[in-house]
Amino acid sequence: MNDWFTIDKIDTKTYVISEYHHPEETHCYLLNGNERSLLIDTGVGISNIYDEVINLTDKPVTAVATHIHWDHIGGHKYFSDFYVHSAEMDWLNGKFPLPLETVKEMVVDHCVLPDDFDIDNYELFQGVPTIVLTDKNIIDIGGRQIEVLHTPGHSPGHCCFYEQGRRWLYSGDLIYKGCLDAFYPTTDPLAFMRSVEKVKALSPQRIFPAHHQLNISVSLIDEIVNAFQSLYQKGKLRQGNGVFDFGEFKIHI
Ligand SMILES: [Zn+2]
Ligand SMILES: [Zn+2]
């Protein structure tokens, strides 16, 4: 039994696979359709997520990433069928903007590693996707349609996934309780604000973040929109301005 992952059932066809032993506290989501399953993000890659997924579905599994950061693609190597947004294709083909040594430091950062994990063998996932995603694509897994929402800002190809039937939003690194990051050169604070406004306009009923606290209210979207807009109106929404603390979340630009 692998105790690296924690699995919670959201409904009879939807699971969250969490990694609470790593400070990133990632959440991956498995959506079971009538024909296949969709895995949104594959975690930090320290332990084998595939062995968990096959206990939760008997259908073929397609993996998608909210974006190509190491903590969202760690288990992609187990899934030959995966999709990525066009703006981050390059990052899976030798052009990821951080050196491997920096990524390795983040992988092992403040985390009790399983005995069988050897950081020397860690590699940043690289590969060729089966489908390249663009905004408003619909992923149909049989009885469930999941819309791709291009929501850049945290990264150029960041996507949220929206299931209209349930009005559920899988928000990746766009909305969560913690420090929202738009300080790397590859981020864009203004685009981040526009993306939060874009998901707010959908009025989702539930929201499922990629990090930290799982049970968050959709009202957090409004709070994050308001925070970005207040920074924008004061002329402070510019990279290099530091960390702004709004209580339940921070904005690092
Ligand atoms: Zn990220
Ligand atoms: Zn992340």
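That block above? That's the structure.
What you see is a predicted model, and the numbers here were worked out from it, not measured in a lab. (Residues numbered from 1 in each chain as written. Chains lettered and ligands numbered in written order. Predicted model: local features only at pLDDT ≥ 70, side-chain atom pairs only at ≥ 80, totals over all residues. Heavy atoms only, no water.)

Caption draft 1: Representation of the packing of helix α4 (residues 189-200) against helix α5 (residues 219-233) in the model. Between α4 and α5, the shortest axis-to-axis distance is 9 Å and the interhelical angle comes to 145 degrees. Two packed elements cross with a definite hand, and for α4 against α5 that hand is left-handed. Here Pro189, Leu190, Phe192, Met193, Arg194, Val196, Glu197, Val199 and Lys200 of α4 come into contact with α5, specifically with Ile221, Asp222, Ile224, Val225, Phe228, Gln229 and Tyr232. (Axes fitted to C-alpha atoms, helices over the stretch in contact; angles between N-to-C directions. Helix = DSSP H or I, 4+ residues; strand = E, 2+ residues; numbered from the N terminus. Left-handed = near helix turned anticlockwise from the far one by under 90°. Contact = heavy atoms within 4.5 Å.)

Caption draft 2: Quick look at helix α3 (residues 100-108). Residues of α3 that are buried include every one of Val103, Lys104 and Val107, and no others. Taken around the axis of α3, the buried residues stretch over an arc of 105 degrees, which confines them to a single face. Buried residues along α3 sit against α2 (70-73). (Buried < 20%, exposed > 50% of the residue type's maximum accessible area, 1.4 Å probe, protein only. Arc of directions from axis to C-beta.)

Caption draft 3: Main features of the coordination of the zinc ion (ligand 2). Donor atoms from the polypeptide that coordinate the zinc ion (ligand 2) comprise Asp71 (OD), His72 (NE2), Asp173 (OD), Asp173 (OD) and His211 (NE2), at 2.0 to 2.7 Å from the metal. Taken in sequence order, the residues that donate to the zinc ion (ligand 2) follow the motif D-H-x100-D-x37-H. The distance between the zinc ion (ligand 2) and the zinc ion (ligand 1) comes to 3.3 Å, and Asp173 binds to both of them. Of this pair, His72 sits in helix α2 while His211 sits in the loop between β13 (206-209) and α5, and the two are 139 residues apart along the sequence. Residue His72 is classed as buried on the basis of its relative accessible area of 1%. Taking relative accessible area as the criterion, His211 reaches 1% and is therefore assigned buried. (Donors = N, O, S within 2.8 Å, 3.2 Å for Na, K, Ca; no water.)

Caption draft 4: A look at the pattern of salt bridges. In this structure the tally under the stated criterion is 10 salt bridges. The partner of Lys59 in a salt bridge is Asp58, and the shortest N-O contact between them spans 3.4 Å. Exposure remark for Lys59: the relative accessible area of 30% places this residue in the partly exposed category. On the basis of relative accessibility, which here comes to 69%, the residue Asp58 falls in the exposed class. Ionic pairing is found between Asp135 and Lys198, a salt bridge with its closest N-O pair at 3.1 Å. A residue pair is termed long-range when its members are at least 10 positions apart, and Asp135 in the loop between β7 (131-133) and β8 (138-140) and Lys198 in helix α4 qualify at 63 residues. Among the residues examined, Asp135 registers a relative accessible area of 27% and is labelled partly exposed. (Salt bridge = Lys/Arg side-chain N within 4 Å of Asp/Glu carboxyl O.)

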